[in-house]
Amino acid sequence: MTSIERVGVVGGGLMGSGIAEVNARAGKDVIVVESSPAAVEAARQRLESSLKRAESRGKIESADAVLAQVRVVDDLTALADRDIVIEAIVEDEQAKTDLFRRLDEIVTSPDAILASNTSSIPIMKLAVATKRPTHVLGVHFFNPVPVLKLVELVPSLMTDEATTERARAFVQDDLGKTAIDCQDRAGFVVNALLIPFILSAIRMFESGFASAEDIDHGLVLGAAHPQGPLALADLIGLDTVKAVAESLYEEFKEPLYAAPPLLARMVEAGLLGRKTGRGFYTYG
Ligand code: NAI
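Residues numbered from 1 in each chain as written. Predicted model: local features only at pLDDT ≥ 70, side-chain atom pairs only at ≥ 80, totals over all residues. Heavy atoms only, no water.

Engineer: Would you mind going over the overall build of the protein chain with me for this structure?
Structural biologist: Helices and strands together make up the secondary structure of the protein chain, namely 11 helices and 8 strands. Structurally, the protein chain occupies a C-alpha span of about 55 × 45 × 35 Å along its principal axes. Counting the 284 residues in the protein chain, one finds 48% classified as buried. Relative to all contacts within the protein chain whose residues are 6 or more apart in sequence, the contacts with residues 24 or more apart total 66%. Roughly 13,300 Å² of accessible area belongs to the protein chain as shown, and the carbon and sulfur atoms make up 54% of that amount. Between the centroid of the 29 positive side chains of the protein chain and the centroid of its 40 negative side chains there is a distance of 2 Å. (Helix = DSSP H or I, 4+ residues; strand = E, 2+ residues; numbered from the N terminus. Buried < 20%, exposed > 50% of the residue type's maximum accessible area, 1.4 Å probe, protein only. Contact = heavy atoms within 4.5 Å. Areas by Shrake-Rupley, 256 points an atom, 1.4 Å probe, with all protein chains shown as cover. Lys, Arg positive; Asp, Glu negative; His and termini not counted. Charge placed at Lys NZ, Arg CZ, Asp CG, Glu CD.)

Pasting the structure below:
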């Protein structure tokens, strides 16, 4: 199995910059592609401030040394020589299929893996946009990427086993993550279980059954969860919770995945949780 040394990341937002960081910290040669010069600058700053934080906490010796492993550019053709490209752009099916079509033309090695960090778009839709569906799979990281150990590996019906095994060796042996295998179904394992749980907590709160604080205390103190479901929803972002719920509902048509009205109203109001300062709780 040939090793993966040259890594491309498309999209340097919340997830892409985290994915770039863990790869650079693992000694990989990393190129991040963003969509404009301003976005290149924002991605570089995101990466730099996260690495400086890691340095000040003693997690890495030198932020500058890790940064030297990463180039951030706005030109997709820079990815021609990559062993793997991990796509982490906006969760938009058309944007992602267009990108996979272009990556298929640009990335030259026939062994190269084209991976997506999508949370909800079927991998098959991305695979069939390329002429190499055997080398396309989902590699789904968790936020914050430098902290959370899990990666869901999501082969489509067309992915060959060698590609999956090469991706597994890369995320486990090189990046130090733990991989679990999932079918190409909306939500994979974690979100398919977590989102209905959060939606149930929202319904419970919405019906007046219990307060947000009591629901969260119940799960923290009674089930040893690190945080309650409503605090977790605020952390993920209520717009993201709603979007993932909608894709699960679209796929399975099960009421347990249907977003409750309160969630829709809060999103319409811009009460998105921590990132806007208010969700189920208010943040300083
Ligand atoms: P984000 O909005 O923070 O970042 C997306 C980035 O992609 C932006 O910086 C944008 O400028 C860039 N971009 C958009 N179109 C592009 C293009 N054509 N070429 C290059 N760059 C482009 O989004 P986030 O949260 O990082 O999500 C990215 C992906 O990761 C989505 O597919 C999402 O579903 C998935 N994901 C998100 C998680 C989360 O907790 N936010 C967790 C796991 C997966």
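Moving on from the coordinates now.
Engineer: Please explain the sheet that holds strand 8 (residues 178-181) as it appears in this structure.
Structural biologist: Strands in a sheet are paired, the pairing made by backbone hydrogen bonds, and the direction either parallel or antiparallel. As summarised here, the arrangement of the 8 strands in space is 3-2-1-4-5-6-7-8, forming an open sheet in which the pairing is mixed. At either margin of the open sheet sits one strand with a lone partner, and together these are strand 3 (70-73) and strand 8. The average undirected angle you get between the axes of adjacent strands in this sheet is 25 degrees. With 4 bridges joining them, strand 2 (residues 29-33) and strand 3 adopt parallel strand pairing. Paired with isoleucine 31 across the two strands is arginine 71, which belongs to strand 3. (Pairing = 2+ DSSP bridges. Axes fitted to C-alpha atoms, helices over the stretch in contact; angles between N-to-C directions.)

Engineer: Help me understand the side chain of lysine 242, please; the structure alone is not making it clear to me.
Structural biologist: Counting through the fold element by element, lysine 242 comes out in helix 10 (residues 238-252). Excluding its chain neighbours within four sequence positions, the residues that come into contact with lysine 242 are Ala259, Leu263, Ala264 and Val267.

Engineer: I keep staring at the pattern of salt bridges and nothing clicks. Help me out?
Structural biologist: A pair can form between side chains of opposite charge whenever their charged atoms are brought close. In this structure the tally under the stated criterion is 18 salt bridges. Notably, a salt bridge pairs glutamate 87 with lysine 96, separated by 2.4 Å at the nearest N-O pair. The pair glutamate 87 / lysine 96 is uniform in exposure class, with both members buried. Each member of the salt-bridge network shares a partner with another, and the members are Glu5, Lys28 and Asp174. (Salt bridge = Lys/Arg side-chain N within 4 Å of Asp/Glu carboxyl O.)

Engineer: Just checking my understanding: could you explain the UniProt feature "domain: 3-hydroxyacyl-CoA dehydrogenase C-terminal" (unreviewed entry) in the protein chain for this structure?
Structural biologist: Summarizing the sequence annotation, UniProt attributes the feature "domain: 3-hydroxyacyl-CoA dehydrogenase C-terminal" (unreviewed entry) to residues 187-283 in the numbering used throughout. End C-alpha to end C-alpha, residues 187-283 measures 28 Å, and it is 62% helix and 0% strand. (UniProt positions renumbered as here; feature names shortened; annotations may be inferred.)

Engineer: Would you mind going over the site of the ligand with me for this structure?
Structural biologist: Lining the immediate surroundings of the ligand are 19 residues, of which Met15, Glu34, Glu91, Lys96 and Asn117 lie closest. Separating an oxygen atom of the ligand from a side-chain N or O atom of glutamate 34 is a distance of 2.5 Å. Here glutamate 91 contributes a side-chain N or O atom positioned 2.5 Å from an oxygen atom of the ligand. Within the complex, the protein chains bury 73% of what would otherwise be the 840 Å² of accessible surface of the ligand. For the shell around the ligand, the elements supplying multiple residues, two or more each, are helix 1 (14-25) and strand 6 (136-141). (Near = heavy atom within 4 Å. Polar contact = N/O pair within 3.5 Å; in protein donor to acceptor, adjacent residues only side chain to side chain.)

Engineer: How do you make sense of the nonpolar core when you look at a structure like this?
Structural biologist: Soluble globular proteins tend to pack their nonpolar side chains together in the buried interior. Core analysis: the largest hydrophobic core is formed by 37 residues, its most contacted members being Ile84, Ile86, Val139, Phe141 and Phe170. Discounting residues that sit within four places of it in the chain, valine 139 has contacts with Ala115, Ser116, Asn117, Val151, Glu152, Leu153 and Val171. Listed in part, the 24 residues of the second largest apolar core include Leu248, Tyr257, Leu263 and Tyr281. (Core = buried A, V, L, I, M, F, W, Y, C linked by side-chain atoms within 4.5 Å.)

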